[in-house]
Structures are given as C-alpha cells and as structure tokens.
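Analysis of the macromolecular model
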Amino acid sequence: MWLMLALVWTITVWSDLQARAFGDPDDAARLVQVRELSSGQSWWDLTLDRIGLAGAEMHWSRHMDGLLAGTMAVLRPVLGSDAAEIAAMIVVPLGLLLVALWLISSLARILWPGQDVGLYAMVVFGFGAGSFDRFSPGALDHHGLQSVLVLLMVRMVLVAPSWGARLVAGVAGGVSLTIGLETLPVLAAVLAGVGIGWAVGVTRPRAMYRWLGLGLVGAATVSSLLSGPPGRLFSRDCDVLSLGFFGLMAVPAVGLAVVGGSDWPPRLRWAALGAMGAAGLSWFALVSPTCSAGPYGSIPALGHRIWIDMIAEARGLTDIATAHPLEGVALALGPVVGLLTLAWIMRSSRTLEWMPLLVALGMTMVFGMWQVRMVPVAVALSAPVLGGLVVRIRNRVSWVPGRTVAALAAALVLSGFLFGLIGRQGSSTRDATALEPCVTEDLLDGLGELEAGSIAVEMNFGPAILVHTDHRILASPYHRAYEGVLTVYGLFVADPGEAESQARSVGVTYVMVCDGTAVSEAWSADNDEGLLAALLDDDPPQWLEKVIDTGRSRVYAVR
C-alpha cells in the first residue's frame, strides 16, 4: 500500500517538486526556514527575516526543520544541493507516511484481533481527507509528523499494558504538543479516556498512569526547550506551548500520575477527575486569560474580515458542509461512522478498553466543527475502526471474486474519497488563491531579474516569492505577521494618491496584483476607486511603472 501511494503521489507532484511549486504556502515557508537553518541561522532563531515590515518570528518548532535539514545534509555530498533538496522533500513526508500506515494497521489488528483488517484500514486512511496534503512529497509542514505522534500515543495506550508502552505514549503526546497546539484537544481526550477508564473500573497498575502522565509532562518540557526559543515555554503566547497551555495539560497529567490506579470508591475517582480538569482550567484562566480567544485573538476584527475568515482550514466543518455538501460528507463520513462503530463494539463486547480512542475521536470531531484542520486527525483515528467494518461488509458477499470489489468500494466510500472526488469538480475546500496560477515561472524569472526590494502583494503568494527570489514580502499568511497584511490592505484600498505616501513610508519597492483571485476581488470591492481596483484594470497611477506582465499577473515598480 505504501509503495503504491508513494509512486503515484511522487509521479503526481514531480513537476511541482522540480519547480518548488507548493499548493500550501506553509510548505513554501517551511522550505525557506530550512534553507536559512542550513545556511547558518541559529537553531533557536525562528525568524523569517524577509517577511513583514521587520521580519517575523514563526510560532513553529524545529522538529520538521531538523528532519529536512538533516536529510539534505546527508544526501548533499552524494546528490548535490538541488537534488538533495528534492530528495528530502520526497523522503521525509513518505517516511512519515510509512510509519503512519504501520501504526494504523497495527491499531486495526488490536481492535479487530484475528481478522485481516490492516490493508483495508490503510486504504481508508490513504484515500481519506488530508492524507495527500499531509504526507505526499512536498508536504513539508508539521501536520504529518503530528498525526504520526498522535497515532503512536493512541496505539501505546491501547496496546497490552506495560510501563514502557505508557512512557512512549506520554513522550509522543508531549512532543506532538510542542510541535503545534492542534493536538491539545486530542491529547486531552486521550488523558480523559484513560481517566474515565480508571473511574469506571478498568484495572491498570498504578505505574501505567504514572509513566503516562510524567512522560507527557517531561517530554513536553524537554521538547519545548530544545525545539524553539527556550523562553517560549515561560511566555504567555497563545499560539505555542506557553505557560498557560502547559499548566492546562500538566496539572491533569500529573494528577493522573499521582492518583490514577488507586483503589478508591467510584464516586471519589470521579471527583478526583473533575478536580484535575478544574485545576487545569483554572491554571489556564489565571495565567493566560486572553488565550481563550485562540491563536488569532490578537488580530483586529478587520484582519479577520479581510483574511482569517477566508482561510479554509480556519473554518468549521459545518461551514464547509453548508457551502459544499458533498465535501462536507467526504470530510465527516468516515469519522462519524468510525465513532458510531467503535461505540457499538464497546457496547457489544461490554468492554471499556477502547475508551481513550472513543473519547479522542469524538473530541477531534467536536473541534473539527470549529476548525476543519482537525478532521484529518479524526480520519486517521477512525481508519483502524473502519478497516474492520470494511472486512465485515466484504464477508457478507457470497460471491468470492466480488468480495474484493465490495471491500475496495466500501473503503473508498467510507474514506470519503468518492464524495470528495465528485465535490471537487465544482469547488475546493482549499483557498481558491492557492490553486490559481498567479505565481508562474515567467513571473518568478522576471522578479529574479529585478533588484531585490519589498513587494506589496496579497498574502497567499508571498511564500512562493520567498522561495524563488531575494525579495521581501510585506504580507504573508501568518498570524504573527498580521501587521503586514493590514499594511498591504490599507495600501490597496487607499485612493491612488494617498497610496503613494503609504507605499513610500513603509519602503515599498514593487506592487504585484493578480486578476480574479478571491482576495483581490474582495479587497477591491472595498474601494472601487482604490489602488488595487486601478491596478486590476491595468491603469496604474503615475508613481508606478509596469515592469512585468505575464497576462494574469502584473508587477509595478515605484518610480
């Protein structure tokens, strides 16, 4: 299964890999960050110097940077710099895919002992929502690594009890949390599932809870200190594992490590779990009260209207389903069916062994209603359950040759692949601008011939320009650099005369526009006599001179 996906996916994106063309701006920015690390930037310095008005310190960690830069360093003496970079963009994501497929197959065999469920679970996952985006060659962002760590944590919690397995589970969860806060709901759900199991009488030695809780806290602490600026853990930032989020996780984890497994009366166990959760929430409320609004809470309302609200992965599953019903079905079908199937298994077998997976899958879908970026994690967690369901459907077919056809059809339906394929014919859950050919080879060649300067361009195209040129981009799709987005928006919607003084005050050297993007249409509508509207009509003011014209995209130099 892995070999098939690896070959098909690599062939599909090969030309993009050679051209360093990325569908997701985060992948492009990650490559820039890896290049700067390889060129001597400090491990502790996560600043992208050519973003915004004065650079921006990214909220990412060095985990993926280390994997990519290390792979490039090993391959560079053999392949050369260019080929080593391409090879790393293939090897690292596909290596993570291999591990993810093994974990899913292993989980499926744990859930469905004695049945050949592993292959079908991998098919459901491989064709499910988010798998290609997170694990295909060129997927350089950290989401694939996080998915692997979440799967590892769940597997080690469900495997036959041992202190070593629980320690690995805790370490995997702690490291995943330092890579990105997206895994916090899943991690909290796994802890809650383990705690609920203890409360209702699932017997485990006390050492199991101790190693899980302490491994989680210890790994989160060490990983945070080693993978980013050391002061980050003690800050009150809302987009990284800072002091408030650390306590929100650590207090219940330590509490479970101390009292988990105790032979207390059920009421006292439930009371202890409630106290742990309340204590963690209280810590968070006292230390980081402003973070209840999420990582985008500091962005002004204008920034949400002109940018955040247009990001697909920041929208909720209900919004996606309302706008594009088939895509909503493609995203939600597998996790929902998996959740119901798992609940049925637990009820039929009268076992609570799978409680951590049940709670994690349910919690992930709840948060997916808020931000659709959580759905691929739910797809990964549900795949082992759906693999067994596919086998049950296959076994109901009496005609032996038809069994394989029935199984594959069931797997493609439950993965959501067929619904997504139909739905994508007319729309996409990605930002429209991410798929439009505005940043072309001709444009990049033209920019490369210009003297390096600062470019005012809509945020989605900035990272690609960073990869291929030495220019600075004022607007980028990263919330820590939102001032640049607001600056470019203000410039674009200002009247041409006023826009000149704004451009010169922030050192704009070039202005780039592209016809027909979602952002350009929305922004130009805010002032149909503003600078952006004029440039979309190819009617620049006197202080701008057109220097590049590729048909759809145009670049103007400030005179």
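Before going into details, it helps to say that this report is about the structure given with it.

Reading the values: the criteria
- Residues numbered from 1 in each chain as written.
- Predicted model: local features only at pLDDT ≥ 70, side-chain atom pairs only at ≥ 80, totals over all residues.
- Heavy atoms only, no water.
- Axes fitted to C-alpha atoms, helices over the stretch in contact; angles between N-to-C directions.
- Helix = DSSP H or I, 4+ residues; strand = E, 2+ residues; numbered from the N terminus.
- Left-handed = near helix turned anticlockwise from the far one by under 90°.
- Contact = heavy atoms within 4.5 Å.
- Nonpolar A, V, L, I, M, F, W, Y, C, P; charged D, E, K, R; others polar.
- Phe/Tyr/Trp six-rings, centres within 6.5 Å; stacked < 30°, edge-to-face > 60°.
- Buried < 20%, exposed > 50% of the residue type's maximum accessible area, 1.4 Å probe, protein only.
- Lys NZ or Arg CZ within 6 Å of the ring centre and 35° of its normal.
- Salt bridge = Lys/Arg side-chain N within 4 Å of Asp/Glu carboxyl O.
- Disulfide = S-S within 2.5 Å.

**Comments concerning the packing of helix α9 (residues 184–200) against helix α16 (residues 355–368)**
Here α9 crosses α16 at 145°, and the two axes come no closer than 7 Å. Crossing geometry of α9 relative to α16 is assigned as right-handed. Contacts from Pro185, Val186, Ala189, Val190, Ala192, Gly193, Val194 and Ile196 in α9 reach Met355, Pro356, Val359, Ala360, Met363, Thr364 and Phe367 in α16. Looking at the contact of α9 with α16 residue by residue, the class counts come to 13 nonpolar, 2 polar and no charged.

**Here we look at the packing of aromatic side chains**
Taken as a whole and judged by the stated rule, the model has 10 aromatic pairs. Arranged with centres 6.1 Å apart and planes meeting at 65°, the rings of Phe367 and Trp370 form a pair that is edge-to-face. A relative accessible area of 28% places Phe367 in the partly exposed class. Taking the centre distance of 5.3 Å and the plane angle of 80° together, the rings of Tyr489 and Trp523 count as edge-to-face. Taken together, the positions of Tyr489 in helix α23 (residues 482–493) and Trp523 in helix α25 (residues 518–525) put the pair 34 residues apart, joining distant regions of the chain. Neither Tyr489 nor Trp523 differs from the other in exposure class; each is buried. Through pairs of rings, three or more aromatic residues link up here, namely Tyr489, Phe492 and Trp523. When the ring centre of Trp43 is taken as origin, the NZ or CZ atom of Arg62, which lies over that ring, is 6.0 Å away.

**Quick notes on unusual backbone geometry**
Positive phi outside glycine occurs at Arg20, with the angle close to 55°. Along the polypeptide, Arg20 turns up in the loop between α1 (2–19) and α2 (25–38). Of note in this structure, Asp538 is not a glycine but carries a positive phi near 55°. Within the fold, Asp538 resides in the loop between α26 (531–536) and β6 (544–549).

**Digging into the pattern of salt bridges**
Pairing is possible between side chains of opposite charge, provided their charged atoms come close. Per the counting criterion, the structure on display carries 17 salt bridges. Between Arg394 and Asp116 there is a salt bridge whose closest N-O contact spans 2.9 Å. With Arg394 in helix α17 (residues 375–395) and Asp116 in the loop between α4 (81–111) and α5 (118–126), this residue pair connects regions lying 278 residues apart in the sequence. Residue class for Arg394 comes out buried when judged on its relative accessible area of 13%. What makes Asp116 partly exposed here is its relative accessible area of 44%. The salt bridge involving Asp515 is made with Arg554; its shortest N-O contact spans 2.8 Å. In this pair, Asp515 sits in the loop between β5 (510–514) and α25 while Arg554 sits in strand β7 (residues 553–558), placing the two residues 39 residues apart along the sequence. Classification of Arg554 by relative accessible area gives buried; the value is 3%. Connected through shared salt-bridge partners, Asp515, Asp538, Lys546, Asp549 and Arg554 make up one network.

**Re the state of the cysteines**
Covalently bonding the sulfur atom of one cysteine to the sulfur atom of another cysteine gives a disulfide. As enumerated under the stated definition, the model contains 2 disulfides in all. Between Cys238 and Cys291 runs a disulfide, and the two sulfur atoms are separated by 2.0 Å. Because the sign of the S-S torsion sets the handedness, a value of about -85° for the bond joining Cys238 and Cys291 places this disulfide among the left-handed ones. Remark: Cys291 occurs in the loop between α12 (266–287) and α13 (301–306) and Cys238 occurs in the loop between α10 (206–227) and α11 (243–259); sequence separation between them is 53 residues. The pair Cys238 / Cys291 is uniform in exposure class, with both members buried. The connectivity of the disulfide-linked cysteines in the protein, indexed sequentially, is 1-2, 3-4.

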